[in-house]
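Read off the chains here:
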Amino acid sequence: MNAKKWDHVATGIIYALVAAVVFILIAILGYILFNGVPNISWHFLTSPAQSFSAGGGIRDQLFNSLYLLVLTIIVSLPIGLGAGIYLSEYAAENWFTDLIRTSVEVLSSLPSVVVGLFGYLLFVIKLNLGFSILSGAIALTFFNLPLLTRNIEESLRSVPNLQREAGMSLGLSNWKTTTKIVLPAALPGILTGLILSAGRIFGEAAALIYTAGQSAPTVDYTNWNIFSATSFLNPMRPAETLAVHIWKVNTESVTPDAALISSASSAVLIIVILIFNLGARFLGNKLYKKITATK
């Protein structure tokens, strides 16, 4: 067999493997959505969960997931942005920079259960934060930081050096050049990475079992006092997220419609994550076209 035939065989194998991956993804998504979407209703999305009777919803769990996501981004974005700017624009190639990058890689490979137990011992027990949204947000920062830092660094590095040189030639400092020229040009990529990391945060469960807790106490959505125990904005209250709710329903629920709740909740989770991913691509392309003035 000559080289040309080998090339065709190798290309065919690659196409087959790619097709297998796509088929597996479509099969998983199709199964979850086919079984769950028919059970989704406005009542299901806006009703509180029930412990023993049928007809419960996911109102509190869905809000807790979104609220936890916002707090996690508030905590992790400044740290990731600072680390990404340092590694891209200021860090020299030496052992210290290599140590930072190695630490980021190690942090991204930590199992979620390990991070959850660490968060439980440090934030819940040692710092006396208890099972709370704040404990969960800080724990999830460990998941978000590696992806966010790498994405910001790569987005900044992808900006042509000509733009940096243009800023320097105008007498701008390195900081001004970075914040006024390089950072806006890298904004589409940074936003894409931020939304993609949000999808990962939204679907996390193992770490939140040990930090945010497995209970969803009744809250008052008209109480805007963040320090009130019944306020929906109180970050110190325990909060069962949607992903944790799915796990709990499948393992220990005694409600008659547990299977229906599980399938519908899984479908909602998948739909929200798909919205995050598709939204990241759409907004990233829109911002890129606007900033670069391309059609």
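These numbers come from a predicted model, not from an experiment. (Residues numbered from 1 in each chain as written. Predicted model: local features only at pLDDT ≥ 70, side-chain atom pairs only at ≥ 80, totals over all residues. Heavy atoms only, no water.)

Undergrad: What is the right way to read the overall build of the chain from this model?
TA: The helix and strand inventory of the chain stands at 11 helices and zero strands. When the helices and strands of the chain are listed from N to C terminus, the series reads α-α-α-α-α-α-α-α-α-α-α. Overall, the chain is about 70 × 60 × 40 Å in size when its C-alpha atoms are taken along their principal axes. By residue count, 38% of the 295 residues in the chain fall in the buried class. Taking the intrachain contacts of the chain between residues at least 6 apart in sequence as the baseline, contacts between residues at least 24 apart amount to 74%. Of the roughly 16,300 Å² of accessible surface on the chain, 70% is carried by carbon and sulfur atoms. Here the chain carries 18 positive and 14 negative side-chain charges, and the mean point of each set is 9 Å from the other. (Helix = DSSP H or I, 4+ residues; strand = E, 2+ residues; numbered from the N terminus. Buried < 20%, exposed > 50% of the residue type's maximum accessible area, 1.4 Å probe, protein only. Contact = heavy atoms within 4.5 Å. Areas by Shrake-Rupley, 256 points an atom, 1.4 Å probe, with all protein chains shown as cover. Lys, Arg positive; Asp, Glu negative; His and termini not counted. Charge placed at Lys NZ, Arg CZ, Asp CG, Glu CD.)

Undergrad: Just checking my understanding: could you explain the UniProt feature "domain: ABC transmembrane type-1" (unreviewed entry) in the chain for this structure?
TA: Per the UniProt record, "domain: ABC transmembrane type-1" (unreviewed entry) is found at residues 62-280. Strand forms 0% of residues 62-280 and helix 73%; the C-alpha atoms that close the span are 20 Å apart. (UniProt positions renumbered as here; feature names shortened; annotations may be inferred.)

Undergrad: How should I be thinking about unusual backbone geometry in this particular structure?
TA: Most peptide bonds take the trans form, and the phi angle of most residues other than glycine is negative. One non-glycine residue, Asn128, lies in positive phi territory at about 60 degrees. Note that Asn128 resides in the loop between α5 (112-126) and α6 (133-157).

Undergrad: What am I meant to see in a nonpolar patch on the surface here?
TA: A surface patch of nonpolar side chains, amounting to about 690 Å² of accessible area, comprises Tyr86, Tyr90, Trp95, Phe96, Leu99 and Trp175. Those elements giving two or more residues to the nonpolar patch turn out to be α3 (59-90) and α4 (95-108). Per-element tally for the nonpolar patch: the top contributor is α4, with three residues. Within the secondary structure, Tyr86 sits in helix α3. (Patch = residues over 30% accessible without salt bridge, like charges linked within 9 Å, V, L, I, M, F, W, Y side chains within 5 Å. Salt bridge = Lys/Arg side-chain N within 4 Å of Asp/Glu carboxyl O.)

Undergrad: Is there a simple way to think about the side chain of Glu153 in this case?
TA: Among the structural elements, Glu153 can be located in helix α6. The contacts of Glu153, once residues within four sequence positions are left out, are Gly84, Leu87, Ser88 and Arg101.

Undergrad: Would you explain the packing of aromatic side chains in this entry?
TA: Two measures describe an aromatic ring pair: the distance that separates the ring centres and the angle between the ring planes. All chains considered together, the criterion is met by 11 aromatic pairs. Put simply, the rings of Phe63, Tyr67, Tyr221, Trp224 and Phe232 touch in pairs and so form one group of aromatic residues. (Phe/Tyr/Trp six-rings, centres within 6.5 Å; stacked < 30°, edge-to-face > 60°.)

Undergrad: Mind showing me how you'd approach the packing of α5 against α6 here?
TA: Helix packing for two helices is described by the angle between their axes and how far apart those axes are. Direction vectors running N to C along α5 and α6 enclose 140 degrees, while the axes themselves pass 10 Å from each other. Here α5 lies oblique to α6, going by the angle between them. Considering how the two elements wind past one another, α5 and α6 form a crossing that is right-handed. Residue-level inspection shows Ser112, Val115, Phe118, Phe123 and Val124 of α5 in contact with α6, the latter providing Ser135, Ile138, Ala139, Phe142 and Phe143. Among the residues forming the contact of α5 with α6, the class breakdown is eight nonpolar, two polar and no charged. (Axes fitted to C-alpha atoms, helices over the stretch in contact; angles between N-to-C directions. Parallel < 35°, antiparallel > 145°, perpendicular 65-115°, else oblique. Left-handed = near helix turned anticlockwise from the far one by under 90°. Nonpolar A, V, L, I, M, F, W, Y, C, P; charged D, E, K, R; others polar.)

Undergrad: Would you mind showing me how to read the UniProt feature "transmembrane region" (unreviewed entry) in the chain here?
TA: As recorded in UniProt, the feature "transmembrane region" (unreviewed entry) lies at residues 12-34, 66-87, 99-123, 129-148, 181-202 and 258-280. Annotated as 88% helix and 0% strand, the span residues 99-123 places its first and last C-alpha atoms 26 Å apart. What you have in residues 258-280 is 100% helix and 0% strand, and the ends, taken at the C-alpha atoms, are 33 Å apart.

Undergrad: Please explain the nonpolar core as it appears in this structure.
TA: Side chains that are nonpolar tend, in soluble globular proteins, to be buried together. Judged by nonpolar contacts, the single largest core of 49 residues is most densely connected at Leu69, Leu156, Phe202, Leu242 and Val268. Mapped by element, the contributors of at least two residues to this core are α3, α6, α8 (174-202), α9 (206-209), α10 (242-252) and α11 (258-292). Element by element, the count of residues in this core is highest for α8, at nine residues. The residues contacting Leu69, other than those within four sequence positions of it, are Ala198, Ile201, Phe202 and Phe276. (Core = buried A, V, L, I, M, F, W, Y, C linked by side-chain atoms within 4.5 Å.)

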